[in-house]
Amino acid sequence: MRLFVGLGNPGAKFAHNRHNIGFMAVDEIARRHGFSPWRRRFQGETTEGSLDGERVVLLRPMTFMNESGRAVQEAAGFFKLAAGEVTVFQDELELPPAKVRVKIGGGIAGHNGLRSISAHIGNDYRRVRLGIGHPGIKELVHGYVLSDFAKDERPWVAALCEAVAESAGLLTTDRDSTFQNKVHLAMQAKGFFDKDDGDAP
């Protein structure tokens, strides 16, 4: 069994923020794979289903980003899951828009959601880092992540969430590099990356 956590802030005014791409990704996984209706528990909202024959619980913490760890700890504790069985979908400033990288452990790069999760369950969980790009100046970061995706960004956001959902089952069997590669190829096929893009996984 696996716990997939999408990071974001609750409420309509945050729904289309760059910081909420983790919510968007798990929403698409639930939709595409016919998961059960969302319900409130573990200081968040959950839905259950299966991916590649593995039982998966999706969690959207409703605690606001910087307290995400409370919901994750409660859910992981209930299901008796170790940190290694938890996968977190997060926005990543250090990756170009529409790029995806998967890693286990490592630094949190100033991400308040990851800081909270690491404080509650340790650092050995998987992160699916969804690139949103960087505004270029550190002082602009806060406003940038809490602003909505621009109209011309929405096509790649939708395509990325679809590609992540399509291949999400690979994450249940620790095929991280295959997942990364399939998402990249799907985005390339949709015209978001050049064929000779040197930044393929």
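Residues numbered from 1 in each chain as written. Predicted model: local features only at pLDDT ≥ 70, side-chain atom pairs only at ≥ 80, totals over all residues. Heavy atoms only, no water.

A. Molecular detail of the packing of aromatic side chains. Summed over all chains, the structure comprises six aromatic pairs. Members of the aromatic cluster, connected to one another through ring pairs, are F42, F78 and F79. Taking NZ or CZ as reference, R60 lies 3.6 Å from the ring centre of W38, over its face. (Phe/Tyr/Trp six-rings, centres within 6.5 Å; stacked < 30°, edge-to-face > 60°. Lys NZ or Arg CZ within 6 Å of the ring centre and 35° of its normal.)

B. Region of interest: the environment of D27. Mapped onto the secondary structure, D27 falls in helix α1 (residues 21–32). Looking at D27, the relative accessible area reads 31%, which means it is partly exposed. In the structure, D27 is positioned 58 residues away from E85 in sequence and 20 Å away in space, judged by C-alpha atoms. Beyond its immediate sequence surroundings of up to four residues, D27 is in contact with W38 and R60. (Helix = DSSP H or I, 4+ residues; strand = E, 2+ residues; numbered from the N terminus. Buried < 20%, exposed > 50% of the residue type's maximum accessible area, 1.4 Å probe, protein only. Contact = heavy atoms within 4.5 Å.)

C. Molecular detail of the pattern of salt bridges. In total, this model carries 15 salt bridges according to the counting rule given. E67 is the salt-bridge partner of R70, the closest N and O atoms lying 3.6 Å from each other. Judged by relative accessible area, E67 falls into the partly exposed class, the value being 30%. (Salt bridge = Lys/Arg side-chain N within 4 Å of Asp/Glu carboxyl O.)

D. Structural view of helix α5 (residues 154–167). A rise of 1.5 Å per residue sets the reference length of α5, with its 14 residues, at 20 Å; its end C-alpha atoms lie 20 Å apart and thus fit the reference within 8%. Buried within α5 are the following residues: W156, V157, A159, L160, C161, A163, V164, A165 and S167. Looking at the buried side of α5, the elements it contacts are α1, β5 (86–92), β6 (100–104), β7 (126–131) and α6 (176–189). (Expected span 1.5 Å × (residues − 1).)

E. Highlighting the sheet that holds strand β4 (residues 54–61). A sheet is described by the order of its strands in space; here seven strands give the open sequence β2-β3-β4-β1-β5-β7-β6, paired in mixed fashion. Both edges of this open sheet fall to β2 (39–41) and β6, since each of them pairs with a single strand only. On average, each strand axis in the sheet is tilted by 30 degrees relative to the strand beside it, whichever way the strands run. In this sheet, β7 lies alongside β5 in parallel orientation, the contact comprising six bridges. Counted as the bridge partner of T87 is R126 from β7. Strand contacts of helix α3 (residues 112–121): β5 and β7, with the helix running at about 160 degrees to β5, the strand carrying the most contacts. (Pairing = 2+ DSSP bridges. Axes fitted to C-alpha atoms, helices over the stretch in contact; angles between N-to-C directions.)

F. Spotlight on the packing of α5 against α6. For the pair α5 and α6, the least separation of the axes is 9 Å and the interaxial angle reads 140 degrees. Taken together, the axis directions place α5 and α6 in an arrangement best described as oblique. The handedness of the crossing between α5 and α6 is right-handed. Residues W156, A159, L160, A163, V164 and S167 of α5 pack against F179, K182, V183, A186 and M187 of α6. Its residues assigned to classes, the contact of α5 with α6 shows nine nonpolar, one polar and one charged. (Parallel < 35°, antiparallel > 145°, perpendicular 65-115°, else oblique. Left-handed = near helix turned anticlockwise from the far one by under 90°. Nonpolar A, V, L, I, M, F, W, Y, C, P; charged D, E, K, R; others polar.)

G. Structural view of α6. Look at α6: 20 Å from first C-alpha to last across 14 residues, which is about the 20 Å you get at 1.5 Å a residue. Here α6 has its buried residues at D176, F179, Q180, V183, H184, M187 and Q188. Tucked into the core, α6 has its buried residues touching β6, β7 and α5.

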